[in-house]
Amino acid sequence: MRACRVLPGAAGCGRLLVAGPRPLLLPAGPGPSWATARRAAGRWPNPGLRVPQAAEAEQQVLRAGGPCGRFIARPQLARTVQRCLQAGSGPQPVVLECAPGPGVLTRTLLNAGVRVVALESHPAFLSKLQSLENSLDGQLKVIYGDFFRLDPLVTGAVKPPAVCSDKLFEAMGITAVPWGADVPVKIFGIFPQRKERNTLWRLLFILYECSSIYRYGRVELNIFISEKEYKVLTAKPGELRIYQALSVLWQAGCDIQLLHMEPWSSFLTNLKNGRLAIPKSTRLPNDHLCLVRLTPQRNLFTGGLKPANSATFIFMVKQCLTKPRSKLIDRLNSWSLDNADKLLKALEIPKYIETGNVYPEDYKRLFCALQNSSVFTESWFHDEVLESIRNINL
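Structure report, in brief. (Residues numbered from 1 in each chain as written. Predicted model: local features only at pLDDT ≥ 70, side-chain atom pairs only at ≥ 80, totals over all residues. Heavy atoms only, no water.)

Topic: the overall build of the chain
Our working rule: Starting at the N terminus, helices and strands are each numbered in turn, a helix being any DSSP run of H or I of at least four residues and a strand any DSSP run of E of at least two. For every residue, the accessible area (1.4 Å probe, protein chains only) is compared with the maximum for its type, and the residue is labelled buried under 20%, exposed over 50%, or partly exposed between those bounds. Residue exposure ignores everything except the shown protein chains as possible cover, and the areas themselves are Shrake-Rupley values with a 1.4 Å probe.
Counting its secondary structure elements, the chain contains 14 helices and 10 strands. Per-residue burial over the chain gives 55% buried out of 394 residues. In the structure as shown, the chain presents an accessible area of about 18000 Å², 52% of it carried by carbon and sulfur atoms.

Structure representation (structure tokens):
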């Protein structure tokens, strides 16, 4: 049996704002000079910034108040994240840091010679980040916005801190590259716990559609997510309690690499009562936040899978794993497929395999093979796909 690929260890958008209510002025030409001035060197000199200690960062976070967030406060953890983000040799792409808060990681990255774009929506942190930006020679850019409110589904102008990906990437000086090219930008963030699963689903849809941030290429996500969600993302066939459509689709779409695990207590929250706000989990361990790298597969759109039909692929996988103990052949027969047994034999998939035992790559091969059948051309199938997309809670 094969193991899943998990490695150890819009037009019409509103104006983008920089450092508060000041409108972003984009220079003429291919992109802002700060992004291209030292591109050939790949790294910036160490500016020698002082990194706040944990107690100082904690005071900043508690004074800020506002919506609940989670932040890196310990310099040691910041250095660990910095090393993970800088893994590999050669020129390093710019790092988009989402909600940097007190800036402990921001300053650590800058001292390591990384070019950083800080995307911050909290007014209490913006002024400090803006002052830091003004003290440096273009190594840091501060933008007012919220990554988790990226490309909202609204008509008309987008109201900040919501932000449009095309305006954001234009401000960063990032242009689209072919899908097979190297990673154009690295994104770092800590997922909001209340919307963690919804955020994973939303990113999954834009990955397969090649929309939003993925219009610019194989953007690399480096995210802290809860341990229980990491277990779901990397679940193997046969682990029927946790092997889900989310598992199949992320494993088929990305290389998933666990970079680091950190106890919840290492992170700051701005809750006034000081609680850690750890989500409860009864079925899976959830003692840590996991730093996970999600790098889109170069060969994702091969063999018949395309952004234009990706919603159908997602729907097919969701339908198959609604009941993971059901037989795959029964699901195919329910779609009025006449030669289901012959198709499975040609794909070397066992005839009576349960849907919860099918590998991600086999779901993709099955989908590509079904492109030659009449199943996906039936009007009822398209109606169910559209209804599934419409009802998903993003």
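With respect to the environment of L119
Just so we agree on the cut-off: The contact definition used throughout considers only heavy atoms, calling two residues in contact when any of these lie within 4.5 Å.
Mapped onto the fold, L119 is located in strand β4 (residues 116-120). Residue class for L119 comes out buried when judged on its relative accessible area of 1%. For L119 and V163, which are 44 residues apart along the polypeptide, the C-alpha to C-alpha distance reads 10.0 Å. Setting aside chain neighbours within four positions, we find L119 in contact with L96, E97, C98, A99, P100, I143, Y144, G145, D146, F147 and L168.

So, the packing of aromatic side chains
Defined as follows: Here the aromatic set is Phe, Tyr and Trp, taking the six-membered ring for Trp, and pairing holds for ring centres within 6.5 Å; pairs whose planes are under 30 degrees apart are stacked, those over 60 apart are edge-to-face, and all others are tilted.
If you walk through the whole model with that rule in mind, you get 10 aromatic pairs. Plain terms: the ring middles of Y208 and F313 are 5.8 Å apart, the flat faces sit at 50° to each other, and that makes the pair tilted. Placement of Y208 in helix α7 (residues 196-209) and of F313 in helix α10 (residues 310-320) is noted, with a sequence separation of 105 residues between them. The class of Y208 is buried, set by a relative accessible area of 0%. Look at F224 and F267: their rings are 5.0 Å apart centre to centre, the planes differ by 75°, and that puts the pair in the edge-to-face class. Within this pair, whereas F224 is found in strand β7 (residues 220-226), its partner F267 is found in strand β9 (residues 267-269), the two being separated by 43 residues in sequence.

Re α10
In terms of burial, α10 is a largely internal element, 10 of the 11 residues being buried. Buried residues of α10: S310, A311, T312, F313, I314, F315, M316, V317, Q319 and C320, and no others.

Comments concerning the nonpolar core
For the record, the criterion: The set of buried Ala, Val, Leu, Ile, Met, Phe, Trp, Tyr and Cys residues whose side-chain atoms join them within 4.5 Å is what this entry labels a nonpolar core.
Core analysis: the largest hydrophobic core is formed by 78 residues, its most contacted members being Y208, I213 and W250. Take this core: its biggest share by element is 8 residues, from α7. When residues no more than four places from it in sequence are discounted, the contact partners of Y208 are L249, A252, G253, L300, F301, L305, P307, S310, F313 and I314. Core analysis: the second largest hydrophobic core is formed by 38 residues, V81, V95, L140 and F188 among them.

Remarks on the pattern of salt bridges
Inclusion rule: Salt bridge, as applied in this entry: a Lys or Arg side-chain nitrogen positioned within 4 Å of an Asp or Glu carboxyl oxygen.
Enumeration according to the criterion identifies 6 salt bridges in this entry. Two residues, R50 and E56, come together in a salt bridge whose shortest N-O distance is 3.0 Å. In this structure, R298 and D182 form a salt bridge, with 3.2 Å as the shortest nitrogen-oxygen distance. With a gap of 116 residues between them, R298 in the loop between β10 (288-296) and α10 and D182 in the loop between α6 (165-172) and β6 (186-190) connect regions that are remote in the sequence. The network of salt bridges with shared partners includes R197, K228 and E229.

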